[in-house]
Amino acid sequence: MAQFEQVQKFSRGDGPSVAPVPDIAPVIERMRVLRTAWPPVGGVEDGVEVFNRVYLTVTETIGRQIDDGAFPDRRAATALDVRFAERYLSAVDAAAAGRRPPDCWRPLFQYRRHPGVRPLQFALAGINAHIAHDLPLAVVDTCRTLDCAPPDLEDEFDRVGDLLVTLEERIREDLMPGPDLLELADPLTHLLGSWSLERAREAAWSAALVLWRLRDVPLLAEEFRKRMDAGAGLVGRCLLTPCR
């Protein structure tokens, strides 16, 4: 029954995808509130808070760029950014309520307090989940909101992706262990070097196109989404391999 309801939801476009274009400010405020909701325990950072901190920076930056006119279509950029953020916030709400979040997010919630997982791993595991699963769905959500097709959003998708690549470089620099942790950093560098945001972004766009083509075949669309979700979850577990 639950699977049938999910398929029906995908077909109808229920939930956050069917609504007027919202303002970006509320999702930013929600992430700011979450920033203080998960304090360190015993000196160990909460992995979800690490990702939330990174994602808040990304969303604030996109918001400023939208305000500054960096996106030709401000309405489309806002809709895509908000629909994207809502997917992450829905996973947070599901975990907080004791419900099962999407498979792509489960490793981050399960390992969030593991002392052997470094902050950079938490950040990239969250980015992987958000791009590999949430981003294609957010593109479809946005198309439904704006009554358009994915090619109409390609410029906004590419600009957001370029910004994410730039910020990822800074995230790696900020969160990578220093020279005093060189022994730890060796396997960590090897592990994280096997994942590419650029490749993940390209795969997300291809997945969005497939999902859009399957929108009138909800059973196939949901099956594709489930496989996409499971694959992202598997990569997330690998990224969260304890390094000590």
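Residues numbered from 1 in each chain as written. Predicted model: local features only at pLDDT ≥ 70, side-chain atom pairs only at ≥ 80, totals over all residues. Heavy atoms only, no water.

## Digging into the packing of helix 4 (residues 74-96) against helix 6 (residues 119-146)
Formally: Each axis is a line fitted through C-alpha atoms, taken for helices only over the stretch in contact, and angles between the N-to-C directions span 0 to 180 degrees. In DSSP terms, a helix is any run of H or I states spanning at least four residues, a strand is any run of E spanning at least two, and both are numbered starting from the N terminus. For classification purposes, an angle smaller than 35 degrees is called roughly parallel, one larger than 145 roughly antiparallel, one from 65 to 115 roughly perpendicular, and anything else oblique. Throughout, a crossing is termed right-handed when the near helix is turned clockwise from the far one, and left-handed when it is turned anticlockwise from it by less than a right angle. Residue contacts follow a heavy-atom distance rule, with two residues in contact if any of their heavy atoms lie within 4.5 Å. Classification used: nonpolar for Ala, Val, Leu, Ile, Met, Phe, Trp, Tyr, Cys and Pro, charged for Asp, Glu, Lys and Arg, polar for all others including Gly.
Between helix 4 and helix 6, the least distance of the axes is 8 Å, while the angle of their chain directions is 130°. Regarding the angle of helix 4 to helix 6, the classification is oblique. Where helix 4 crosses over helix 6, the handedness of that crossing is right-handed. On helix 6, the residues that touch Arg-75, Ala-76, Ala-79, Leu-80, Arg-83, Phe-84, Ala-85, Arg-87 and Tyr-88 of helix 4 are His-130, Ile-131, Asp-134, Leu-135, Leu-137, Ala-138, Val-139, Asp-141, Thr-142, Thr-145 and Leu-146. Looking at the contact of helix 4 with helix 6 residue by residue, the classes come out as 12 nonpolar, three polar and five charged.

## Some remarks on the pattern of salt bridges
What counts is decided by this rule: One speaks of a salt bridge when a side-chain nitrogen belonging to Lys or Arg is within 4 Å of a carboxyl oxygen belonging to Asp or Glu. Note on classification: 1.4 Å probe, protein chains only; a residue is buried when its accessible area is under 20% of the maximum for its type, exposed when over 50%, partly exposed between these limits.
What the rule picks out here adds up to 15 salt bridges. Across the pair Arg-225 and Glu-222 runs a salt bridge whose closest N-O atoms are separated by 2.9 Å. One end of the pair, Arg-225, and the other, Glu-222, are both in helix 10 (residues 218-239), three residues apart, so they sit about a helical turn from each other. Comparing Arg-225 with Glu-222 shows no difference in burial state: the two are buried. Put simply, Glu-223 and Arg-227 hold a salt bridge, and the shortest N to O gap is 2.6 Å. Here the residue Glu-223 and the residue Arg-227 both occupy positions in helix 10, the gap between them amounting to four residues, near one helical turn. Exposure remark for Glu-223: the relative accessible area of 29% places this residue in the partly exposed category. Accessibility expressed as a relative area gives 57% for Arg-227, which makes it exposed. Among the charged side chains, a network of salt bridges with common partners joins Glu-45, Glu-49 and Arg-53.

## So, the packing of aromatic side chains
Stated precisely, the cut-off is as follows: Here a Phe, Tyr or Trp ring, Trp counted by its six-membered ring, pairs with any other such ring whose centre lies within 6.5 Å, and the pair is stacked when the planes are under 30 degrees apart, edge-to-face when over 60, and tilted otherwise.
This structure, assessed with the given rule, holds seven aromatic pairs. With a centroid separation of 5.2 Å and an interplanar angle of 75°, the aromatic rings of Phe-51 and Tyr-88 are classed as edge-to-face. Here Tyr-88 lies in helix 4 and Phe-51 lies in helix 3 (residues 47-67), a separation of 37 residues in the sequence. The burial state of Phe-51 is the same as that of Tyr-88; both residues are buried. Note on Tyr-88: relative accessible area 0%, which makes it buried.

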